[in-house]
Amino acid sequence: MIEFRSVTKTYPDGTDAVADFSLVVPAHTTTVLVGSSGSGKTTLLRMINRMVEPTSGTIEIDGESIADRDPVRLRRSIGYVLQNGGLLPHHRVVDNVATVLRLEGTPKNEARQQALEVLDVVGLDRRLADRYPSQLSGGQQQRVGVARALAADPNILLMDEPFGAVDPIVRSELQTETLRLQQQLHKTIVFVTHDIDEAFLLGDQVVILSTGAQVAQIGSPSEIIENPADDFVASFIGAERGARALHTKETGHGTVLVDGTGRTQGRLVEGGQGAA
Amino acid sequence: MELFAEALAWIFSSDAQSGSLPLSEAIATHLAFTFVSVLIAAAIAVPAGWVVGHTGRGREAAVALSGAARAVPSFGLVLLLVLVFGVTHKVGASTTAFVLLAIPPILAGAYSGVEAVDRRVVDGARAVGMTPRQVLGRVEIPLGLPLLIGGLRSATLQVVATVTLAGYVGSWGLGFYIVQGIQIRDFAQILGAALVIVVLAVLLDLLFALLERAVVPRGVRARHETSS
Ligand SMILES: Nc1ncnc2c1ncn2[C@@H]1O[C@H](COP(=O)(O)OP(=O)(O)OP(=O)(O)O)[C@@H](O)[C@H]1O
Ligand SMILES: [Mg+2]
């Protein structure tokens, strides 16, 4: 469990990126921070591994304040997928993935073996192991980023718009893969995105943020869609338009659901299962 | 053209090979001065430049130093130091002058190499838990190496040229033939020695050019090639 208590971050130039932010991130679930550009998502994420120090307030992991932990050790214990990859261009894929293991003193061969196994886990062909990051596609690089974050088997995984820079098809592939991974691994994931659809797809808990990391609403995707807290949330999740503004239409073969653009999206069936 | 031929003839003459100062010895001294000075300068400027590049501290001073040093007349510096050190310490004085001349380009190469590393890569390295020392040693230094070699290259070329001037203060190096040639009005000898210096400089430059390419990390070079 990760807990933010009244956390504030003012950058040296006076930007109030985060103002009095509190949140509980339950263990073994995915919490998605979603908000428009500049709302403070990256800042929040980087405070968890002390890449950014809060101006005030505390952050606890399993009840222990991280301010007392050594930043280097803390970072090695937390997986982090950076917004832009951040892979080492002069290291081969397998060595990038093995970075934390090597830093922690795992012998070279063993680290390599483990790294290769993690490549399997994230769905990367082992034949790519000896390439350099620049020889991979954007989607493959992102998978390497995820593999690197997972390699040392951390309990916590921070993901900062990991699929922001890839095309929609690869993106949806990576999202599906992430869901599959999480079913298998049960990490405590904090995932940042500005894509509300991605947030609803991946999040057990979704936190909608406005400027200054003000919490507009926290809840499960269903709770938020069913009951937007205010107009800001309603417009952010597109409740009044497009794919989420569905209405029913009677046809000769039963009731169907039609979205805001007039496209039929599905059929209304009785006794459908799924979370309420 | 005739002088050119005479100059070439001088280079291979028995006079140049085994006179009061054999050519091979002059070349050896010339190179020794160059390498020793560049090595000493590197021992000082490389670590300093890396620290400046890594921490960003002292950057202003480093930039100012590299800029100002370009304006210092090298011959003036050599003469000044000989006067300061005293004529009995010509070797020390000249070497010190060469070291001082070599420091700025090496310093600039070292810190700009580290600075030029993509900040996102450095950020990634810190984020996965590298200590500042590991970031410097495993990321910033290897990725900044090409620019550092570039700095060593300009320092070496500058020193090779300047060591010639040392012929005025001591009777060593290839400069000796030029100074002596002027005195005895032997233009073939002057041009011959000048040619040897040019060849030396070109060879050194070539060597560093190759080295500069060789130290580009493979993954970085691969970016410009089609992947297999
Ligand atoms: N190092 C910094 N120095 C000063 N201001 C910063 C710094 N980093 C971020 N900011 C500012 O803090 C605010 C929040 O930035 P942050 O990067 O956390 O936003 P974000 O929600 O991640 O945005 P994006 O979706 O574009 O990545 C912005 O106004 C940004 O300009
Ligand atoms: Mg961000």
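The coordinates are above.
Sequence order as written defines residue numbering, which begins from 1 separately in each chain. In the order they appear in the text, chains get letters beginning with A and ligands get numbers beginning with 1. At least 70 in pLDDT is required for a residue's local features to be given in this predicted model, at least 80 for side-chain atom pairs to be given and counted, and no such filter applies to totals for whole chains, interfaces and linings, which use all residues. Note: side-chain values were computed over all heavy atoms of the structure, leaving out hydrogens and water.

Student: Describe the overall build of chain A, listing the residues and the values that go with them.
Tutor: Regarding its fold elements, chain A presents ten helices and 13 strands. Atoms counted for the radius of gyration: C-alpha only. Globule rule: 2.2 Å times residue count to the power 0.38. Computed over its C-alpha atoms, the radius of gyration of chain A comes to 20 Å, within 12% of the 19 Å expected for a compact globule of 276 residues. Considering only C-alpha atoms, chain A reaches an extent of 65 × 45 × 35 Å along its principal axes. Relative to its 276 residues, chain A shows a buried fraction of 50%. Within chain A, residue pairs in contact and separated by at least 24 positions form 60% of the contacts whose partners lie at least 6 positions apart. Per element, the accessible surface of chain A, about 12900 Å² overall, is 48% carbon and sulfur. For the purpose of counting charges, residues Lys and Arg are taken to be positive, whereas Asp and Glu are taken to be negative. His and the chain ends are not included. Every charge is mapped onto a representative atom, which is NZ of Lys, CZ of Arg, CG of Asp or CD of Glu. When the 26 positive and 35 negative side-chain charges of chain A are each reduced to one mean point, those points stand 8 Å apart. Working definition: helices are DSSP H or I runs of at least four residues, strands are E runs of at least two. Numbering for both runs from the N terminus. When a residue's accessible area, from a 1.4 Å probe over protein chains only, is under 20% of the maximum for its type it is buried; when over 50% it is exposed; and in between it is partly exposed. Contact between two residues is taken to exist if any of their heavy atoms lie within 4.5 Å; hydrogens are not considered. Only the protein chains shown count as cover for residues, and all accessible areas are computed by the Shrake-Rupley method using a 1.4 Å probe.

Student: Could you give me a rundown of the layout of surface pockets, with the residues and numbers involved?
Tutor: Residues and elements named next belong to chain A. Every definition here rests on a 1 Å grid over the protein atoms only: cavities are sets of points where a 1.4 Å probe fits but cannot get out, pockets are open sets enclosed by protein on both sides within 12 Å along at least five of seven lines, and lining residues have some atom within 4 Å of a point. Grid points are joined across faces, edges and corners, and a volume is the space filled by probe spheres set on the points. The computed volume of the second largest pocket comes to approximately 290 Å³. Taken together, 16 residues make up the lining of the second largest pocket; nearest its centre are His91, Asp95, Thr99, Arg102 and Lys108. Mapped onto the lining of the second largest pocket, the elements with two or more residues apiece are α3 (93-97), α4 (99-103) and α5 (108-121). In this classification, the charged set is Asp, Glu, Lys and Arg, the nonpolar set is Ala, Val, Leu, Ile, Met, Phe, Trp, Tyr, Cys and Pro, and all remaining amino acids, among them Gly, are polar. Its residues assigned to classes, the lining of the second largest pocket comprises six nonpolar, four polar and six charged.

Student: Before we move on, can you summarise helix α4 (residues 59-71) of chain B with the specific residues and values?
Tutor: Residues and elements named next belong to chain B. How far a helix is expected to stretch is found by multiplying one less than its residue total by 1.5 Å. The end-to-end C-alpha distance of α4, which contains 13 residues, comes to 19 Å, matching closely the 18 Å that a straight helix rising 1.5 Å per residue would cover. Buried within α4 are the following residues: Ala62, Ser66 and Ala69. Taken end-on, α4 shows its buried residues confined to a sector of 70 degrees, consistent with a single buried face. In α4, the exposed positions that point more than 90 degrees away from the buried face belong to Glu60, Ala61 and Ala71. On its buried face, α4 is in contact with α3 (23-55) and α6 (90-115). This arc is taken over the directions from the axis of the helix to the C-beta atoms.

Student: Describe the nonpolar core, with residues and values.
Tutor: In this structure, Val97, Leu119, Met159, Ile196 and Ile208 of chain A are the most contacted members of the largest nonpolar core, which totals 44 residues. Ignoring anything within four residues of it in the chain, the contact list for Val97 of chain A reads Ala115, Val118, Leu119, Val144, Ala147, Arg148 and Ala151 of chain A. To form a nonpolar core, buried Ala, Val, Leu, Ile, Met, Phe, Trp, Tyr and Cys residues must be joined to one another through side-chain atoms within 4.5 Å. Ranked by size, the runner-up nonpolar core spans 35 residues in total, among them Ala41, Ala42, Val82 and Ile106 of chain B.

Student: Account for the interface of chain B and chain A, with residues named and values stated.
Tutor: With 24 residues of chain B at the interface, the matching set in chain A holds 24 residues. Defined here as a combined quantity, buried area equals the accessible surface (1.4 Å probe) lost by two parts on assembly, summed across both. The contact between chain B and chain A buries some 2100 Å² in all, and 60% of this surface belongs to carbon and sulfur atoms. Ionic pairing is found between Asp123 of chain B and Arg46 of chain A, a salt bridge with its closest N-O pair at 2.6 Å. Under this definition, polar contacts are N or O atom pairs within 3.5 Å; protein pairs additionally need one hydrogen-donor-capable and one acceptor-capable atom, and for neighbouring residues in sequence, both atoms have to be side-chain atoms. Counting across the chain B and chain A interface gives five residue pairs in polar contact (both at pLDDT 80 or more). Taken together, the elements giving at least two residues each to the side of chain B that touches chain A come down to α7 (119-127), α8 (132-163) and α11 (218-222) of chain B. In terms of residue count, α7 of chain B provides more of the side of chain B that touches chain A than any other element does, seven residues in total. By salt bridge we mean one thing: a side-chain nitrogen of Lys or Arg within 4 Å of a carboxyl oxygen of Asp or Glu.

Student: Please give an account of the packing of helix α5 (residues 74-85) of chain B against α6 of chain B that cites residues and values.
Tutor: Residues and elements named next belong to chain B. The axes are straight lines fitted to the C-alpha atoms, using for helices just the contacting stretch, and the angles between their N-to-C directions are given from 0 to 180°. Where α5 meets α6, the closest approach of the two axes is 8 Å, and the angle between their N-to-C directions is 140 degrees. With respect to α6, the axis of α5 lies oblique. Judged by the twist between their axes, the crossing of α5 over α6 is right-handed. Residue-level contacts link Ser74, Leu77, Val78, Leu81, Val82 and Phe85 of α5 to Lys90, Gly92, Ala93, Thr96, Ala97, Phe98, Leu100 and Leu101 of α6. The class makeup of the residues in the contact of α5 with α6 is ten nonpolar, three polar and one charged. Oblique is the label for any angle not covered by the other classes, which are roughly parallel (under 35 degrees), roughly antiparallel (over 145) and roughly perpendicular (65 to 115). Whether a crossing is left-handed or right-handed is set by the direction in which the near helix is turned from the far one by less than a right angle, anticlockwise for left-handed and clockwise for right-handed.

Student: Provide a residue-level description of the site of ligand 1, including the pertinent values.
Tutor: Residues and elements named next belong to chain A. Put simply, a residue is near a molecule or strand once any heavy atom of it comes within 4 Å of that molecule or strand. Looking at ligand 1, there are 14 residues lining it, with Ser37, Gly38, Lys41, Thr42 and Thr43 nearest. Here an oxygen atom of ligand 1 and a side-chain polar atom of Thr43 are 2.5 Å apart. For ligand 1, whose free accessible area comes to 630 Å², the fraction covered by protein is 65%. Counting residues per element, the shell around ligand 1 draws most heavily on helix α1 (residues 41-48), which supplies three residues.

Student: Talk me through the sheet that holds strand β11 (residues 247-251) of chain A; I want residue IDs and the actual numbers.
Tutor: All names here are of chain A. Pairing between two strands is assigned when DSSP locates at least 2 bridges connecting them. Strand order in the open sheet formed by three strands is β11-β12-β13, with antiparallel pairing between adjacent strands. In the strand order of this sheet, the two ends are held by β11 and β13 (264-267), each with one partner. Between one strand axis and the next, the sheet turns by 35 degrees as a mean value, whatever way the strands run. Where strand β12 (residues 254-258) and β13 come together, three bridges link them in antiparallel fashion. Bridging across to β13, Val258 finds its partner in Thr264.

Student: So what's going on with the coordination of the magnesium ion (ligand 2)? Which residues, and what values?
Tutor: All names here are of chain A. As a rule, N, O and S atoms within 2.8 Å of a metal are its donors, except that Na, K and Ca use 3.2 Å; water is not among the atoms, so sites may look incomplete. Here the magnesium ion (ligand 2) is held by the protein donor atoms Thr42 (OG1) and Gln83 (OE1), which lie 1.8 to 2.6 Å from it. In this pair, Thr42 sits in helix α1 while Gln83 sits in the loop between β6 (78-81) and α3, placing the two residues 41 residues apart along the sequence. Given the relative accessible area of 26%, Thr42 is considered partly exposed. Judged by relative accessible area, Gln83 falls into the partly exposed class, the value being 36%.

Student: Now, about helix α7 (residues 168-185) of chain A: what can you tell me, with residues and values included?
Tutor: Residue and element names in this part refer to chain A. With 18 residues, α7 extends 25 Å from end C-alpha to end C-alpha; this agrees with the ideal 26 Å at 1.5 Å per step. If you check which residues of α7 are buried, you get Arg171, Leu174, Gln175, Glu177, Thr178, Leu181 and Gln182. For α7, the angular spread of the buried residues around the axis is 165 degrees, confining them to a single face. What points out from α7, more than 90 degrees from its buried face, is the exposed set Ile169, Thr176 and Gln183. On its buried face, α7 is in contact with β3 (30-35), α5, α6 (138-150), β7 (156-160), β8 (188-193) and α8 (196-202). Directly after α7, the chain includes His186, whose backbone phi takes a positive value near 50 degrees.

Student: Go over the environment of Asp231 of chain A, please, and point to the residues and values.
Tutor: Mapped onto the elements, Asp231 of chain A comes out in helix α10 (residues 231-236). As a C-alpha pair, Asp231 of chain A and Ala216 of chain A span 15 residues in sequence and 9.9 Å in three-dimensional space.

Student: Summarise the sheet that holds strand β9 (residues 205-210) of chain A; cite the residues concerned and give the values.
Tutor: Sheets are built from strands that pair by backbone hydrogen bonding, the pairs being arranged parallel or antiparallel. Residues and elements named next belong to chain A. Reading across from one edge, β6-β7-β8-β3-β9-β10 is the order of the six strands in this open sheet, with mixed pairing throughout. Edge positions in the sheet fall to β6 and β10 (214-219), since each of these pairs with one other strand and no more. Pairs of neighbouring strands in the sheet enclose a mean axial angle of 15 degrees, with direction left out of account. Bridge count between β3 and β9: five bridges; the pairing is parallel. Directly across from Thr31, in β9, lies its bridge partner Gln205.

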